[in-house]
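Read off the chains here:
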2 protein chains.
Amino acid sequence: MRRSEIRDHLLETALRLFNQYGYHATGIDLIIAEAGVAKTTLYRHFDTKEDLILAALERRDEEARDTMREFVEQRTSDPVERLLVTFDFLETLFRDERFRGCIFVSAAGEHKDTADPVFRAAVLHKRLVLAYFEELAHAARFAEPKRIAAEINLLHEGAIAVAQMTRTAEPARQAKRMATQLLAAEGQAAAPSARREGASHRAQVS
Amino acid sequence: MRRSEIRDHLLETALRLFNQYGYHATGIDLIIAEAGVAKTTLYRHFDTKEDLILAALERRDEEARDTMREFVEQRTSDPVERLLVTFDFLETLFRDERFRGCIFVSAAGEHKDTADPVFRAAVLHKRLVLAYFEELAHAARFAEPKRIAAEINLLHEGAIAVAQMTRTAEPARQAKRMATQLLAAEGQAAAPSARREGASHRAQVS
DNA sequence: GCTAAACGATACAGATCGGTTTATTTCTGT
DNA sequence: ACAGAAATAAACCGATCTGTATCGTTTAGC
């Protein structure tokens, strides 16, 4: 196993355990045992446990956003539909039996100080996801793309929080229905099966 | 300090620390130091740390639901408006500088096993809150009260999750606007300032 | 094939964890 | 006032925590 592979393997192992048990409950000894690596090796790649957490979050951040982008873009090119398809992506996450909630929400929940680097890393991820929604809402030519993106984002967070407790995929579908309803009220043509397609300059409502 | 007062004081202290630092990060030694109590005393009232956590969650569960009920009922008697006023209640929570997210979500995030008593206690709280929304949605005579309640609930969870990260009160107002929009589309008279009041048998939409 | 870096294994450090024990003092109810 | 219960402080337990140090062995690049 090459050096970079070990690092990757450690990050993947750590992420799996953080997701399964949480950050404080996952000890270094468990991580190295599961990764099949000596403690010296871990500490050669990461100075502290916090560094490992931060690196793991950074990796998952990129991976999660890339995966969502890919999922969305290969399903539809209409920006409004893309906003809705993000909920289908959520549903695939919820259907994974390893799903235990959003690791960034959990990270923020275990490191509540806003000055904590882990908290800040979690916030950064959420900001980048929101930026993606804004990108889509802008492309969809909504009158207030930032507001629309924030609404989609809030529905995402709600679905994730509910699914964390119920451990079902239903919250994703429910959030999608709510998003459909809200977007339809915004642009009159948000619903996929709506009248004409490709409408520009959707009207605002409030 | 009487016996029951000590127990209460311990629960309040523990809740404050759990909210501030999380469950794993809050040690027994810190709790007794902050409570100004000997370790023996704590262990006379609670067998284990888990018992303390469970008792604390149970207490906050009742307190939180009572407080919300009170807040809502003294502001309006219209069931539809009551559903919307729950978001004003959320806003008061977010405005508290000690707000660090929902302690039940955090509890579930640190005890992810669905068989864990702490996880189950968190789920129970969320179920009882949902039951309250169902009660209100039923009183409002929506065609599908359970669905409406689940939607309100999802908006609540979304607002809480977003506010946990942003540490602002805005998510509560945003969720309220979304709820207003959704309820208006359900019954045609959901908006407080809508045409006639006291309408019964609101129509369904989908 | 040599050198140097990176690896694994293990022991260890010092702190902290949840929880127990002991011995002493302070309440509280009758 | 007196007995019993419950409070206190402090030492202590074994386990676990993050992180370091030691020391061979393996591996990779020149």
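Residues numbered from 1 in each chain as written. Chains lettered and ligands numbered in written order. Predicted model: local features only at pLDDT ≥ 70, side-chain atom pairs only at ≥ 80, totals over all residues. Heavy atoms only, no water.

Novice: I'm lost on the pattern of salt bridges in this one. Help?
Specialist: Any two side chains of opposite charge can pair, on the condition that their charged atoms come close. One pass over the structure, following the stated rule, counts 37 salt bridges over all chains. A salt bridge links Glu34(A) to Arg16(A); its shortest N-O distance comes to 2.9 Å. Here the residue Glu34(A) occupies a position in helix 2 (residues 28–35), and Arg16(A) occupies one in helix 1 (residues 3–21), the gap between them amounting to 18 residues. For Glu34(A), a relative accessible area of 40% gives the class partly exposed. Arg16(A) gets classed as partly exposed once you look at its relative accessible area, which sits at 37%. We note a salt bridge from Glu73(B) to Arg69(B), for which the minimum N-O separation is 3.7 Å. Placement of both Glu73(B) and Arg69(B) in helix 4 (residues 49–73) is noted, with a separation of 4 residues, approximately one turn of the helix. Bridged by salt links that share partners, the residues Glu91(A), Arg95(A), Glu170(A), Arg173(A) and Arg177(A) form one connected network. (Salt bridge = Lys/Arg side-chain N within 4 Å of Asp/Glu carboxyl O. Helix = DSSP H or I, 4+ residues; strand = E, 2+ residues; numbered from the N terminus. Buried < 20%, exposed > 50% of the residue type's maximum accessible area, 1.4 Å probe, protein only.)

Novice: How do you make sense of a negative patch on the surface when you look at a structure like this?
Specialist: A cluster of acidic residues, Glu58(A), Glu62(A), Asp66(A) and Glu70(A), forms a negative patch on the protein surface. Along the chain, Glu62(A) turns up in helix 4 (residues 49–73). (Patch = residues over 30% accessible without salt bridge, like charges linked within 9 Å, V, L, I, M, F, W, Y side chains within 5 Å. Areas by Shrake-Rupley, 256 points an atom, 1.4 Å probe, with all protein chains shown as cover. Lys, Arg positive; Asp, Glu negative; His and termini not counted. Charge placed at Lys NZ, Arg CZ, Asp CG, Glu CD.)

Novice: Any chance you could explain the relation of the copies chain A and chain B here in plain terms?
Specialist: Relating one copy of the chain to the other requires a rotation about an axis plus a shift along that axis. When chain A is fitted onto chain B, the two copies agree to an RMSD of 0.0 Å after a turn of 180° and an axial shift of 0.0 Å. What the rotation and shift describe, once combined, is the action of a two-fold rotation axis. Within chain A, the C-alpha atom positioned nearest to the axis of rotation is that of Gly158(A), 1.7 Å from it. (Least-squares fit on C-alpha atoms with pLDDT ≥ 70 in both.)

Novice: Teacher, can you tell me more about the protein's contact with DNA strand C here?
Specialist: Lining the immediate environment of DNA strand C, one finds 18 residues, of which Thr40(A), Thr41(A), Ile28(B), Lys39(B) and Lys49(B) sit closest. Near-protein atoms of DNA strand C (within 4 Å) split between backbone and bases, with sugar and phosphate holding 56%. Between DNA strand C and His45(A) there is a distance of 3.4 Å, counted from a phosphate oxygen to a side-chain nitrogen or oxygen. Every element with two or more residues in the surface near DNA strand C is listed here: helix 1 and helix 3 (39–45) of chain A together with helix 2 (28–35) and helix 3 (39–45) of chain B. The biggest single contributor to the surface near DNA strand C is helix 3 of chain A, with 4 residues. Its residues assigned to classes, the surface near DNA strand C shows 5 nonpolar, 8 polar and 5 charged. (Near = heavy atom within 4 Å. Polar contact = N/O pair within 3.5 Å; in protein donor to acceptor, adjacent residues only side chain to side chain. Nonpolar A, V, L, I, M, F, W, Y, C, P; charged D, E, K, R; others polar.)

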